[in-house]
Amino acid sequence: MSRGRAPAAAGGPRLRDLQESQDVQDPQPARAAPPPGLPAASAASAASADPAALVARLRADGVERVRIGWADLHGVLRGKTLTLAALPAALDGGITMVSTIVLKDTSDRTAFKVFEPGALAKLPGFGPANNLVLRPDPASLVRLPWAPGTAWMRADAFFADGTPLALDPRRVLQRALARLAAFEGRGLALRCGLEVEFHVYRIEDARADPHAAAWPGEPPRVSLLHPGYNLLAEAWADRCDEVFGIVQRTCEGLGLPLASLEVELGPSQIEAVFEATDALAAADQMVLFRNGVRQALARAGWHASFVCRPPFAQVMASGWHLHHSLVAPDGANAFMPAAPAPGSTPADAGHWLGPTGSAWLAGLLAHARGMSALATATVNGHGRLRPGALAPVAVRWGRDNRGAMLRVLGGAGQRATRIENRAGEPMANPYLYITAQVLAGLDGLQRGLVPPPATDAPYAGDDPPEARLPATLAEALDALAADPVITAGLGPELALVYDAIKRSEQARHDAAADRDEWMRREYFARF
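Overview of the structure.

Rules of the game
- Residues numbered from 1 in each chain as written.
- Predicted model: local features only at pLDDT ≥ 70, side-chain atom pairs only at ≥ 80, totals over all residues.
- Heavy atoms only, no water.
- Helix = DSSP H or I, 4+ residues; strand = E, 2+ residues; numbered from the N terminus.
- Rg over C-alpha atoms; globule rule 2.2 N^0.38 Å.
- Contact = heavy atoms within 4.5 Å.
- Areas by Shrake-Rupley, 256 points an atom, 1.4 Å probe, with all protein chains shown as cover.
- Lys, Arg positive; Asp, Glu negative; His and termini not counted.
- Charge placed at Lys NZ, Arg CZ, Asp CG, Glu CD.
- Buried < 20%, exposed > 50% of the residue type's maximum accessible area, 1.4 Å probe, protein only.
- Pairing = 2+ DSSP bridges.
- Expected span 1.5 Å × (residues − 1).

**Side note on the overall build of the protein**
Per the secondary structure count, the protein includes 14 helices and 16 strands. The C-alpha radius of gyration computed for the protein amounts to 22 Å, which stays within 12% of the reference 24 Å derived for 527 residues, consistent with globular compactness. The principal-axis extents of the C-alpha atoms in the protein amount to approximately 70 × 55 × 55 Å. Long-range pairs, those at least 24 residues apart, make up 73% of the contacts in the protein with a sequence separation of at least 6. Split by element, the accessible area of the protein, about 20100 Å² in all, is 54% carbon and sulfur. With 52 positive and 55 negative side-chain charges, the protein shows a spacing of 2 Å between the two charge centroids.

Here it is as structure tokens:
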């Protein structure tokens, strides 16, 4: 549940200022910054020293192993854990990973019959479970605060001949951000602030009986962290204190810009709010946040779930609210108008946004249905999009209106002027969710689109079908396939595979004899 944060007075602190100039000219995280969790000397050597020197430094700092991670099409980290002895060879030549990892649905089933002739004909470079190569990036080195002696590096994916993997979601976002920066030579960059709702439960029974193993397995039996229905109650925050401490220490150890932890309305539901940063860094941070919080809390006996709707009767759905703005090379907020557009009214986008912001907003509206499968990426998540749930159901925007899909905040002279997309779910792939914003908004800029008036009745229910958000994952995939701007921006290979793995997910749900049990195992046990 995203709550409004008024822009700070001039000179005051700005926790959510979306046009802070730091690092906005470079869509990648600054490589000179020391990786968190390691002494400064080790951090510097990670980016600049030869592999042998890096290993020596890590060993001196008590690191015994390094995980190499790559985010798949679901935004889930995959990879291998290397000994320090194996790290130099990995830095020099990469490590192998079976290509079927890229083709798996949410249950880890491969959606393509890779051993049948012609099954991979539309996927150049793919073979019958052939190898890909992951190349670690030493600049991403971080020590995992919950795992003694363990560090982590992000990897980029390639084919064995050195060709970059077109299905790498992070690379797709980088490509979209480069297109944005090149638009009219303006050097625009996207800046994002994340608000992520999720649930945390105490594990009462891990259900680890090997005789009951299944694919997917049974989720743990859990009890509530807090009873809910007492929004922002400090008494409930006190019940969350142990969990809040673990989450805070995890984020700080990973170098994530956590700003606040808040008690949400639903039972066991909380929210994490992050400072704004450049778009690629924000996506990287979301991947690390979900991965790290689940692992750190599990070690302490808690089950953290980023499933939109956990499988309980009295549950409040979680959303991922994506605040964003565009910034110019000088750090100026490209959404912020100097003054309301002449003759505009509060119902007009130009009253609150400059021409760039208005056209961007119109692009998001024009492609809202097409990018829905990237923002709400699961069968489960589409159950959130219903009236009265502080979630959108229609393709509408509103001025500080939490029922609208797009919530416009700020205005003339307000440095934190931004758009909040409220359609996302916490399980969405961060790279693809943010890529969709770039592709849609950029189309609005290129075509000079003009948004319709703001809504003050987001749940009026009188919208034609083409103005409603898809009600199911299958409908969202149809809308994505029908949107040439989004599919072209993703690339033909990624668009094809994403459609296949998500239709596999939908088909297995539809065929399940007990769909509630399917949801429990498919999502709550694993995400």
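Back to the text.
**Things to note about the pairing of strand β10 (residues 269-274)**
For β10, the buried fraction is high: six of the six residues fall into the buried class. The alternating pattern of β10 places Q269, E271 and V273 and I270, A272 and F274 on opposite faces, both of which are buried. Sheet analysis places strand β7 (residues 189-205) next to β10, joined by five bridges and oriented antiparallel. Looking at the pairing, H199 lines up with Q269 of β10. As paired elements, strand β9 (residues 258-263) and β10 share five bridges and run antiparallel to each other. Across the sheet, residue S260 finds its bridge partner in β10, namely V273.

**Section: helix α6 (residues 241-254)**
The terminal C-alpha atoms of α6 lie 20 Å apart, and with 14 residues this matches the ideal 20 Å at 1.5 Å per residue to within 8%. Three or more residues of α6 are buried, namely V243, F244, G245, I246, V247, T250, C251, G253 and L254. At the exit of α6 stands G255, carrying a positive phi of roughly 80°.

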